[in-house]
Amino acid sequence: MDILDRTQKCLLNWESGGEAECCGLVAGPHSNPYDADANATLTTVYHALLSSTLLSWPAKKSLPVDAVVAFVQSIVLSLPSSSASSEKSSNAVAFGEILVDVIWAIDSELEEIVGDMKTAASAAEQGATMSPASVEQLVKIKANAEKDKWTVETIVRKLLLNGVLDPDICRERLDLTLVASIGLVADKLAFERKEIRTRTGLFYKQNKFNLLREESEGYSKLSAEITSNLGPPHSASTGLPSEPLEAIEARALPTWERALSLIGYFDLDPNRVLDIILDVFSVHLATHYTFFISLLSFSPWGNRGKRAVKREDMVVEPDASRFKGKSLVEVLKIAEAESGAYLDDVDSSNARVLAQVLGFKFTYYQLPDVPENPPRNLYLMTAILIREGFLRLEDLYPHIGPADAEMADRHKEYLASIDARIAGAKISQLAMAAPLESSSSASKPRPAPAQVPQADEPKKIQNQKLGLLNALLAVGALRPAIVILSKFPWMVDAHSAIADLMLRVLKHSIGPLYDTTVTSKDKTASFTKPRARYGAAGIVPAPERRPHLTLWAPTPPCTSTVDFVFFYPDWARRVPVCNSYDDLIDVLEPLMRFIGLHVSRDPAFLTKFLRLGRPHILTTITIDPETKKPVGTPDPNHPVRLFWFKVVRLYLLPSLPLIRGNAVCTVDVWNIIRQFETTLRWQLYGEWKMSTYKSHPELRVRLVQTDRESKGILRRLSHNTIDALSGNVAKLAHSNPCIFFSNAVNQIMAYDNLAGVVIQSLNYVTIMGFDVLVYVILEALANPNKARVKDDGVNTSDWLQSLASFTGMLFRRYSADLTPLLSYVVHQLHNGQTTEIVVFRELIWKMAGIQPLPSLSDSQIAAMAGGPTLRIEAVASTTRGARLDPTDVILRGPQRLGRALLDSSLALPLLVQMAQQREACVFRAPDAYLKSLASLFDTTHGVLLQYLELLTTPTVISHEEYANKIVPSLGELNEKYGICAPMCMQIYRPIMNKALLAAAITTQEKERIASEEAEKRLKAALLTAKREPLASASRVASPMPGAESHANGDVSAEAKPAAPDSQQMDVTMESTDAQLVQSAESPWLPELHPYFEDVKKIAPGNAAEIIGPAFYLTFWQMSTYDLSPPANKYDDECTALRALSRTEDSLCMAADRSTDRVKRMSANMHREKRNRINAIVQKLSDELKEQTAARAFTIKRLAREKQHWFSHNPKALTLASCIIEYCLQPRCLMSPMDADFCAQFIKVMHLQGTPGFSTLQCYDKLLSDHVKVVVFSCSEFEARNYGRFLLGILTDISRWFQDEQLFLNENRTKVGATTVFLPGLQLRWTPKPVIAQEDLITWADFKQVVRKWHRKLNKSLVECVESGEFMHIYNAIIVLKEVLPVFPVAAVHEFGGVNLSRSIERFLEKEERGDLKILGRAYYAGLKKREPIWAAPIPVPKVSQLDL
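Residues numbered from 1 in each chain as written. Predicted model: local features only at pLDDT ≥ 70, side-chain atom pairs only at ≥ 80, totals over all residues. Heavy atoms only, no water.

Turning next to the overall build of the protein. For the protein, the count of helices and strands is 65 helices and eight strands. Scored against the burial criterion, the 1444 residues of the protein give a buried share of 47%. Pairs at least 24 apart in sequence give 76% of the contacts found in the protein among residues at least 6 apart. Counting only carbon and sulfur atoms, one obtains 55% of the accessible surface of the protein, whose full area is about 71,700 Å². (Helix = DSSP H or I, 4+ residues; strand = E, 2+ residues; numbered from the N terminus. Buried < 20%, exposed > 50% of the residue type's maximum accessible area, 1.4 Å probe, protein only. Contact = heavy atoms within 4.5 Å. Areas by Shrake-Rupley, 256 points an atom, 1.4 Å probe, with all protein chains shown as cover.)

Have a look at this one:
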């Protein structure tokens, strides 16, 4: 509640407790009436009380005069008394002065009311029209005012009588009329005449001095007296006095006494004497300022009593928390009090005289006819006088120029200079230069331009406020300096010397905290100190520098002979110093506000400040004592974190652009910024880029300069200039990363060939630079104003492709943080932005060397059936394998990508989003062309396969991490994330294969141990059998006839016990197998059986009922790795790598023996490459062994499981349809390797004699009319895979077609001595367990069936080509190209090739679409090359399509 309101409330309840409440209201302020707030409270309360007795201000409750006087009397009596009984206490005196001031104010207001009423009355007499009511009101107001004046007189008389008011104070401050009416002045007229004479003598009479005597002798003696008593100068090495302060004061006091004698004897002007003392003071400022301070302290212009305290005698340990929660002014007052200074107690009257004398000096230099400017020592002397309390800034301020109104013009001049600098930065200086003169014109001298006489410009007054501000900061007078700086904050920007002086203060303030907190290394010899040199006579010691006192601050750098020392070492005594981290908030940061981004001018201070910041922020983080890593998430609203976030926003980032290429500062700033999460960091970068550069004049200039420099560097950047320009790129990236990288990214989006050059030029960029670059890249990627696709609505725009490629190359070469980019891709895919998939594709391609949907040769596809090492060597040996460049091995791009996926927990979200996008991408662009949709699907599918290859590469992510940290359960993939069953199985296949490989190796090892034991037993039995016949033979001298047969019979008889051993060995092996692969008499593998329930949930349609979970899981779990180990590919690759290893070994030996130092240094590189190749060769050998064991394990498993796959006896035709629909058809489209697997798996099921499976019906379904439908629904990549699948099927069929014996052999098998026919080619399917030969199709009938299949296939593909629809034609030709080695063939379908050739010819004649025509011509050329194979042996009449 307001004080006035509380007083009014007390008045209303005066008799019922209001008086006591009012007494309590003023009790506190009466205890310290000198305080400004207390004084204001007392003035308000007593003004309200006195006004309540008057009529001119009607109140809700009026008090009688006696009540108010009694209240005041009670308050005076309650005040503490003075120690001397005859004297009033200081509080009572102050209270009396307050009452006098209140009475004077009320009396003045009443005088104004009476005067106004008299004016109105005179106006009415002169004819002014006024209503009778108005006249009556005026008369009443005047009467009330006159009565109130009498009441005031009564109150004053009573207060004087009670001793509350001092008569002298009343005579001094009250109006003469009131003073006379209460009887304090006997004769009013006489008193007025005396007052007039006194004022005239003070203000209008001039003292007469003997100027002649003054100039000739008095002032000369004064100057001689002062200079003769200066004493020894201050120490040049420290700036401190050479003698004790007591000695200086003992010399200064007699000097002043003699000066007083001279003033009295010669009748000198005291002000002029002061002026001369100040002149001598300024001349001897650097060497004798202590003497003059002591001299002035004894003079009337000094306050000796306030300076008598010696701080050295009162040294106490300061409170560490003394600055906590204080404002800057309070902090500076505490620092001044600790140094023994009390600037608020300056004598205003004496200080005003000193200020006027100094003001005349400054005013002199403002005269237009005075050419020189005020000297530096005048400013410094004035600053010292202000600092020591002789002078107040507010007294001197009106005398220094320019005036405050003119300072705005100076500010405008500064802004105009900024605009001129910006305009100059935009213009090329070379373009502005004059043209070069030719040699012919050199002989003719150019006429000199005529000089135009310039008019004399009026003298521009020097900014004396600036000079005084610099001096105040130089001597450590912070409070008055801050007053000027707060009034004109732009002066820091216009005059950098102010920032340098403030940084000098800040560096001293932060020093104690930095020295006690940061562990400094052993200091090496400074480059500023001279070192000894070698001369003719040996080591010549360095010459010692001569110390020299200087008036310049900060101290200039030393020279070879002079070491500069600032003359005033006490400047730092009143600077508040930081002793704890809290002082950074309460002391340092408020001082930094005055210079802002100009902290960049002192990298040493900035480095200290930043190195204190990191441990300060770490105090907000919980650190695990064992791992030394942060635990949990820090509170973002913690005051310390908020403070440093503000520091980064206001000081660090704005100052970086002004620091030219200082990587150390950039690293220190990054150590602060990295403590904040990515979103906060990027908020800072966004503000830095968008608004910070526009917020300050110097940054506007730097923006234009950096923009031009960066564009110039990018124009010159090429492969030939990378080494020369990398340093310039790094310097710009250190200080202005936002500008440089924005320009670089824009150039890369426009010119894709610039990406590689820019990547190579970033060798010296810091981590913070890369963090900003990632932000700039994502900002460009997220730009909503750029079209991400071309006009077709599907294909990626060029700028996006270029930027994605650049991003991949960037992260491959440099260890920037991948998490933001991965998060961006996940969020974009979640929001349906399929185009962002190109970024992820390029990232995997460039970092891990995994291409999306690579074009593989047949040899490479065959090698893809091997282990991961063989696959890498066959497909990407130069990017991921043994032939990888050693420099790229060090980069560890794949490992960094895998680790980033795991650490950020984004591996699964990316996998799920990719799988979902694969299924949904074609539905999100319904208006696009089919070709574009197919391309989009292929791109998405390719990136998904690319990503799966990355996740399942053991060197990138281990199998355990893939299974436990990335992939959820099989059922969860389908039910929770909505991923289709084929892709679920594709994702889960590596996990199952790893488990089965471990089981296979374990089984092999147990079989080996059992075999060795059985072999040992057999050898022991044989050895025993051999010994007994030999023993019997030795006893018989000569064998009897028939003994040989008898012996043989004995041997056989003795060997019989061994037979059971051998038989037992076989049985043991089988029982071992049974124990390994059967659990609880189950035919299923224990590693796969737990997945059956998940398979039943995810299996599409009625696959689980008809096919069964066992077969479905087996089909999707297996791959060509399990069916056909490429042993020859392993051998070829090992042979090639061994040859490469020998080459590297010879190069290593040659480098070791070389005399060239550079070549010898390359020996280690060749040695490491050789060792790496040898390790990969060994890994290939181990892989082949593992794969061989896995295949043997798989064959045994299939032989056992086949009996149970279809034990529920589904119909053969239904079973074949389901296998094709849910197994073969989806998988054969996924990749070339899956296409080969599907073809091989059909053959394996046939050769295994799988009960319930009809190979004939399966082939018949696959090669029926539905080929046309499948071809139409495929994308380009799927069409190639489908063609390869058909190629595998047709190849197997062709072999049976050509070789009857092979046909017969592969349709029967022998079990012991019994021939068993395989059920796959039954002419009429029967589920009987034993198949007779008559049940199988004959070779002749089979050939007829094959001819039918060829005819149907030919008809379907010809119809596709002749349909005119793009996808039919495009995919049909792709399929035809794939099956060209086995289709068409005249031996099977003699007219098929002719019909197909004619169809292609007609198509090429009519087709106008370029891409189809090119594809058709390529196929037609290949078809023509095989004409002898498909050409009909006899002329063929034209046959209509209906006949076919």
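Don't stop here, the text continues.
This part takes up the packing of aromatic side chains. Per the stated rule, a full pass over the model turns up 40 aromatic pairs. A ring pair is formed by Phe643 and Trp644, whose centres lie 5.3 Å apart and whose planes are at 75 degrees; its orientation type is edge-to-face. Each member of the pair, Phe643 together with Trp644, is buried. Judged by centre distance (5.2 Å) and plane angle (80 degrees), the ring pair of Phe1115 and Phe1241 falls under edge-to-face. Linking Phe1115 in helix H50 (residues 1109–1117) with Phe1241 in helix H56 (residues 1232–1248), this pair joins segments that are 126 residues apart in sequence. (Phe/Tyr/Trp six-rings, centres within 6.5 Å; stacked < 30°, edge-to-face > 60°.)

When the pLDDT values of the protein are averaged, the result is 83; 88% of them are 70 or greater. For residues 305–315, every residue scores under 50 in pLDDT, and the model assigns this stretch 13 contacts once sequence neighbours within four places are set aside. Low pLDDT, under 50, characterises residues 1030–1080; the predicted model gives this stretch 23 contacts beyond four residues in sequence or across chains. (pLDDT = per-residue confidence, 0-100.)

We now examine a nonpolar patch on the surface. On the surface, a cluster of nonpolar side chains totalling about 220 Å² of accessible area is made up of Met130, Val135 and Val139. With respect to the element layout, Val139 can be found in helix H6 (residues 132–161). Accessibility expressed as a relative area gives 53% for Val139, which makes it exposed. (Patch = residues over 30% accessible without salt bridge, like charges linked within 9 Å, V, L, I, M, F, W, Y side chains within 5 Å. Salt bridge = Lys/Arg side-chain N within 4 Å of Asp/Glu carboxyl O.)

Before going further, it helps to examine the side chain of Gln1248. As for its position among the elements, Gln1248 is in helix H56. Residue class for Gln1248 comes out buried when judged on its relative accessible area of 16%.

Counted under the stated rule, the structure contains 61 salt bridges. For Glu153, the salt bridge is made with Arg157, and the minimal N-O distance between the two is 4.0 Å. Placement of the pair is Glu153 and Arg157 together in helix H6, with a separation of four residues, close to one helical turn. For Glu153, a relative accessible area of 16% corresponds to the buried category. For the salt bridge of Asp168 with Arg171, the shortest nitrogen-to-oxygen distance reads 3.0 Å. Remark: Arg171 and Asp168 occur in helix H7 (residues 167–173); sequence separation between them is three residues, near one turn of the helix. When salt bridges with common partners are traced through the structure, they connect Arg899, Asp903, Glu961 and Lys965 into a single cluster.

Before going further, it helps to spend a moment on unusual backbone geometry. A cis amide bond links Gly401 with the next residue in sequence, Pro402, at an omega value of -5 degrees. Inspection of the secondary structure assignment puts Pro402 in the loop between helix H17 (393–396) and helix H18 (404–426). Cis geometry is adopted by the peptide bond preceding Pro1384, which originates at Phe1383 and carries an omega value of 0 degrees. Mapped onto the elements, Pro1384 comes out in the loop between helix H62 (1366–1378) and helix H63 (1392–1406). Positioned with a positive phi, Asp267 is a non-glycine residue whose angle comes to about 55 degrees. Among the structural elements, Asp267 can be located in the loop between helix H11 (245–266) and helix H12 (270–283).

Glancing now at the packing of helix H33 (residues 767–781) against helix H34 (residues 798–813). In contact at an axis separation of 11 Å, H33 and H34 are set at 160 degrees when each is read in the N-to-C sense. Relative to H34, the element H33 is oriented roughly antiparallel. Crossing geometry of H33 relative to H34 is assigned as left-handed. Across the interface between the two elements, Phe770, Leu773, Val774, Ile777, Ala780 and Leu781 of H33 pack against Trp799, Leu800, Leu803, Phe806, Thr807, Leu810 and Phe811 of H34. Within the contact of H33 with H34, the residues separate by chemical class into 12 nonpolar, one polar and no charged. (Axes fitted to C-alpha atoms, helices over the stretch in contact; angles between N-to-C directions. Parallel < 35°, antiparallel > 145°, perpendicular 65-115°, else oblique. Left-handed = near helix turned anticlockwise from the far one by under 90°. Nonpolar A, V, L, I, M, F, W, Y, C, P; charged D, E, K, R; others polar.)

Taken as a class, soluble globular proteins show a tendency for nonpolar side chains to be buried jointly. Ranked by internal contacts, the top residues of the largest apolar core, which has 330 residues, are Leu385 and Phe1285. Those residues in contact with Leu385 that lie beyond four places of it in its chain are Leu278, Phe281, Ile293, Leu296, Leu354, Leu358, Phe390 and Leu391. One finds Leu49, Val100, Val102 and Val152 within the second-largest nonpolar core, a separate group that totals 49 residues. (Core = buried A, V, L, I, M, F, W, Y, C linked by side-chain atoms within 4.5 Å.)

For strand S7 (residues 1308–1311) and strand S8 (residues 1314–1317), the ladder comprises four bridges, and the chain directions are antiparallel. When the sheet's bridge partners are listed, Thr1309 is paired in S8 with Val1316. Counted along the chain from S7 to the antiparallel partner S8, the turn is two residues long, and its residue Gly1312 has a positive phi close to 70 degrees. (Pairing = 2+ DSSP bridges.)

Of note, Thr1338 is situated in the loop between S8 and helix H61 (1339–1362). Each C-alpha atom, one on Thr1338 and one on Leu1304, is 9.0 Å from the other, the two residues being 34 residues apart in sequence.

Inspection of every chain in the model, using the stated rule, returns zero disulfides. Its sulfur unpaired, Cys1218 is 8.8 Å from the next cysteine sulfur, which belongs to Cys1223. The class for Cys1218 is buried, based on a relative accessible area of 5%. (Disulfide = S-S within 2.5 Å.)

Once that is clear, we can look at the packing of H33 against helix H35 (residues 819–830). When two helices pack together, their arrangement is given by the angle between their axes and by how far apart the axes lie. Look at H33 against H35: their axes get within 10 Å of each other, and the N-to-C directions meet at 15 degrees. On the basis of the axis angle, H33 is roughly parallel to H35. Judged by the twist between their axes, the crossing of H33 over H35 is right-handed. Facing Val774, Leu778 and Leu781 of H33, the residues of H35 in contact are Pro820, Leu821 and Tyr824. A class-by-class count of the residues in the contact of H33 with H35 yields six nonpolar, no polar and no charged.

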